[in-house]
Structure formats: structure tokens, C-alpha cells
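# Residue-level structure breakdown
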Amino acid sequence: MNEKVRCLIIGSGPAGYTAAIYASRANLSPVLYEGMEPGGQLTTTTEVENFPGYPTGITGPDLMVDLKNQAERFGTDVRFGAATATDLSSSPYKVTIDGEKIIEADTIIISTGASAKYLGIPDEQKYAGSGVSACATCDGFFYRKKTVAVVGGGDTACEEGLYLSGLAAKVYVIVRKNALRASKIMQDRVINNPKIEVLFEHETLGLTGEGVVQGANLVKRRGQADEEQVHIDIDGFFLAIGHRPNSGIFKPWIETDEVGYIKTIPGTPRTNVQGVFASGDVADPHYRQAITAAGTGCQAAIEAERYLSEQGL
Ligand code: NDP
């Protein structure tokens, strides 16, 4: 039998838990499904030093436990399970959990986040948390005066490379084509930065190092007559080849941009479906920070409360 709830929150990163804290304190009796990766992207980072309120830092997993405890303290029903399908054609909206159970919800807060893309080489797993990162703002600080590499040629790679150049002694940007895809202004900044060396037409074959990343094996101009094996000594390897917003199951109903980020009415978490709100990285191609995700989670819960009261639900 279907279960009916007033407020369903999908996702358990900073956006989802902040929405849950606000929604439960507003007596919306929220039910939160944690999703495939309980705690979200922060559980894959080590130390978080830029979340306000933790002057000596906190680990990503500990921060998420704190947020979860805070949400549960006010009565959020946190459940293990992932949304696998949706029917948002009419209210109450229907969300299938784990392909079986159907939840009917008066209002939904989508906080399913985004997943960084990886190259798919086994060494990314081997050195996860030991020199491989997909977030320069999160982990760059640990590479002060060291040598790092950023993979990618888009705006994110340029932005991460420039950010890292403010900390590291040297930054390689590894680009598979012979040109950057980033906006012209970002390209100029990268090319003219004395700390950054762009390695055009290079692909990463693997990483080396005893327990932690100490180098990368690259191939230059793969498949060409002048193909060349290249080794660089590095301490950190940053992926910046794009993110994939986890919006697939909402796409039949919810408008997204061409990449898949949920479109919200600017300055609000409102989607094109009334009563359905989006917060955090699933709707944010620009900032992608824990604190901005938490901020939009708060906005989504306030909007959900207003919507329910306006509709008399
Ligand atoms: P993009 O899709 O723009 O760029 C991805 C980059 O990664 C490309 O250079 C691509 O190479 C490379 N890449 C992809 N897969 C691989 C692979 N398997 N191996 C090696 N390289 C790979 O993603 P971004 O995250 O950079 O940007 C996403 C969007 O967000 C863009 O629209 C961007 O403009 C925007 N953005 C804007 C910012 C700003 O305005 N300040 C900051 C950050 C992002 P190739 O070119 O060969 O395909």
C-alpha cells in the first residue's frame, strides 16, 4: 500500500539535511530518503575546513553525522533507500523507493546532488583520499607548496587550476585535446599564470606512489606517430572533467538545462512543478559548496512550508 507524507526529502547531503532540520522544526513531519550515497559527496572528502562553525575543521563524514543527528533530533524520519522513479503529473506526487514502495507526497524537496565524473582508471579508486580529489576548494589546502595536476580543459578545470595555483608550488593542467574548452578569459588566466603548465594532448594512464600519489604516467598524442610516454612527479591529482547532476528520475517532469542541472526560478528553489523544490548541487552548476547547498536546503524547506499552508495541506 502507498504511504502518504506531507514533505518528502530526497537525498542526504548538506542540502537534504538542512531542509530536514527546517522542515521538521516547522512541523512538516518530513521523511528523508538517504539515497545511494548516504551523506553525499562530503563523505568522500577528509577534512572540511570551510564550513562555518567548525574553527578547527571537521571530517566530512563527522559533519554529515552531526547534520543527520540534528535533523533526527527534531523528528525527521531518516530512512535508508533510494528514489528510483517519479510521477509528478499531479499532486500528491508519487515517488518509488528502491523499485518497490511508493510514497505519495504533498511536497518534495529534491536534494540528490551531483557526482563528479572520474576517468575510470583503477588508480582513482586505489588513491581515493590519498592524493586523488574531485574538489580543489575542499582539498587544495593540503597541497600548499606542493605539486598538483588538474585533469580537464573546461571552466571547472581552469577555475580549479587557478585556485590551486594560489596554494601549490606548481600546477599541471592535463588536457586531452590541443585546446582548452573554457571561456576565453579563463583560458588567458591559466595560460598566463607562471605557476601553471598546461599539458595539451596528454591523457592519464595511471598514478604512481607508495600509499599516496607521488606521480602520474601520461601519454602524449596517443595513437600518433610521435606518441610519447610522459611521467610527472605530483602530490595531488584533481579531477575536473565535469559533474553529473543526479536528476535523471525527475526529467520527465522537471525542467533541466542541457547538462541535467534542475532549473529553478532564479533566487528561489522553485522548479516548474509547484510544490516540488530543488536544493543543493542538483540545481547548482556554479558554487557546489556544502554551505551553499545547506543554504538552498533551508530555502526549500521554507518554501515547502509556505506552499503547504497556502494549499491548506
Ligand atoms: P565541461 O564539460 O565544460 O568540460 C569538461 C572538460 O573535461 C573538457 O575539457 C573535456 O575535454 C574534459 N574531459 C571530459 N572527459 C574527459 C576524459 N575522460 N578525459 C580527459 N578529459 C576529459 O565541464 P566543466 O565542469 O568544466 O563545466 C561545466 C559547465 O559549467 C560549463 O558550461 C562551464 O562553462 C560551467 N562553469 C562555469 C564556470 C564559471 O563561469 N566560472 C566555472 C565552472 C563551470 P574535451 O574538451 O576534450 O571534451
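Residues numbered from 1 in each chain as written. Predicted model: local features only at pLDDT ≥ 70, side-chain atom pairs only at ≥ 80, totals over all residues. Heavy atoms only, no water.

## What about the pattern of salt bridges?
Using the criterion set out here, one finds 11 salt bridges in the structure. A salt bridge links K170 to E197, with the nearest nitrogen and oxygen atoms 2.8 Å apart. Of this pair, K170 sits in strand 12 (residues 170-174) while E197 sits in strand 13 (residues 196-199); the two residues are 27 residues apart in sequence, bridging distant segments of the chain. Among the residues examined, K170 registers a relative accessible area of 26% and is labelled partly exposed. Of the charged contacts, one joins R221 and D226 as a salt bridge, the two residues approaching to 3.0 Å between their closest N and O atoms. Overall, the relative accessible area of 44% leaves D226 in the partly exposed class. (Salt bridge = Lys/Arg side-chain N within 4 Å of Asp/Glu carboxyl O. Helix = DSSP H or I, 4+ residues; strand = E, 2+ residues; numbered from the N terminus. Buried < 20%, exposed > 50% of the residue type's maximum accessible area, 1.4 Å probe, protein only.)

## A look at the environment of T96
Within the fold, T96 resides in strand 7 (residues 93-97). For T96 and T86, which are 10 residues apart along the polypeptide, the C-alpha to C-alpha distance reads 6.1 Å. Apart from residues lying up to four places away in sequence, T96 is in contact with A82, A83, T84, A85, K101 and I102. (Contact = heavy atoms within 4.5 Å.)

## Considering the sheet that holds strand 14 (residues 202-208)
Read across the sheet, three strands follow the order 14-15-16 without closing on themselves; strand pairing throughout is antiparallel. A single partner strand is all that each edge strand has here, and the edge strands are strand 14 and strand 16 (228-233). Taking each pair of neighbouring strands and ignoring which way they run, the sheet shows an average axis angle of 25 degrees. Note that strand 15 (residues 215-220) and strand 16 share six bridges and pair antiparallel. (Pairing = 2+ DSSP bridges. Axes fitted to C-alpha atoms, helices over the stretch in contact; angles between N-to-C directions.)

## Side note on the state of the cysteines
Two cysteines form a disulfide when their sulfur atoms are joined by a covalent bond. Counted by the stated rule, this structure contains one disulfide. The side chain of C135 participates in a disulfide bridge whose partner is C138; the two sulfur atoms lie 2.1 Å from each other. One disulfide, between C135 and C138, carries an S-S torsion of 75 degrees and so falls in the right-handed class. Given the relative accessible area of 23%, C138 is considered partly exposed. (Disulfide = S-S within 2.5 Å.)

## A closer look at helix 1 (residues 14-25)
Its 12 residues place the ends of helix 1 17 Å apart at the C-alpha level, agreeing with the 16 Å of an ideal helix rising 1.5 Å per residue. Within helix 1, 10 of the 12 residues are buried, which leaves it mostly tucked inside the rest of the structure. Among the residues of helix 1, those classed as buried are P14, A15, G16, Y17, T18, A19, A20, I21, A23 and S24. Residues of helix 1 that are buried in the fold lie against strand 1 (3-10), strand 2 (31-33), helix 2 (60-73), strand 5 (77-79), strand 8 (101-110) and helix 7 (290-311). Looking one or two places after helix 1, you find N27, whose phi comes out positive at around 65 degrees. (Expected span 1.5 Å × (residues − 1).)

## Some words on the domain arrangement of the protein
Structurally, the protein comprises domain 1 (2-115 + 243-311) and domain 2 (118-239). Centre-to-centre separation of domain 1 and domain 2, based on C-alpha positions: 32 Å. Taken together, the eight residues of domain 1 in the interface contact eight residues of domain 2. Buried surface at the junction of domain 1 and domain 2, both sides included, amounts to about 640 Å², of which 46% is carbon and sulfur. (Domains from an automatic or database assignment. Buried area = accessible area lost by both parts, 1.4 Å probe.)

## A look at the packing of aromatic side chains
Throughout the structure, instances matching the rule amount to three aromatic pairs. When the centroid spacing of 6.3 Å and the interplanar angle of 50 degrees are considered together, the rings of F51 and Y54 count as tilted. Residue class for F51 comes out buried when judged on its relative accessible area of 13%. One cation-aromatic arrangement involves K170 over Y172; the distance from NZ or CZ to the ring centre is 4.8 Å. (Phe/Tyr/Trp six-rings, centres within 6.5 Å; stacked < 30°, edge-to-face > 60°. Lys NZ or Arg CZ within 6 Å of the ring centre and 35° of its normal.)

## Some remarks on the site of the ligand
Looking at the ligand, the residues that line it are L119, G152, G153, G154, D155, T156, E159, R176, K177, R181, I241 and G242. T156 is positioned such that a nitrogen or oxygen atom in its side chain is 2.5 Å from an oxygen atom of the ligand. Note that an oxygen atom of the ligand is positioned 2.8 Å from one of the side-chain N or O atoms of R176. Of the residues that constitute the shell around the ligand, the class distribution is two nonpolar, five polar and five charged. (Near = heavy atom within 4 Å. Polar contact = N/O pair within 3.5 Å; in protein donor to acceptor, adjacent residues only side chain to side chain. Nonpolar A, V, L, I, M, F, W, Y, C, P; charged D, E, K, R; others polar.)

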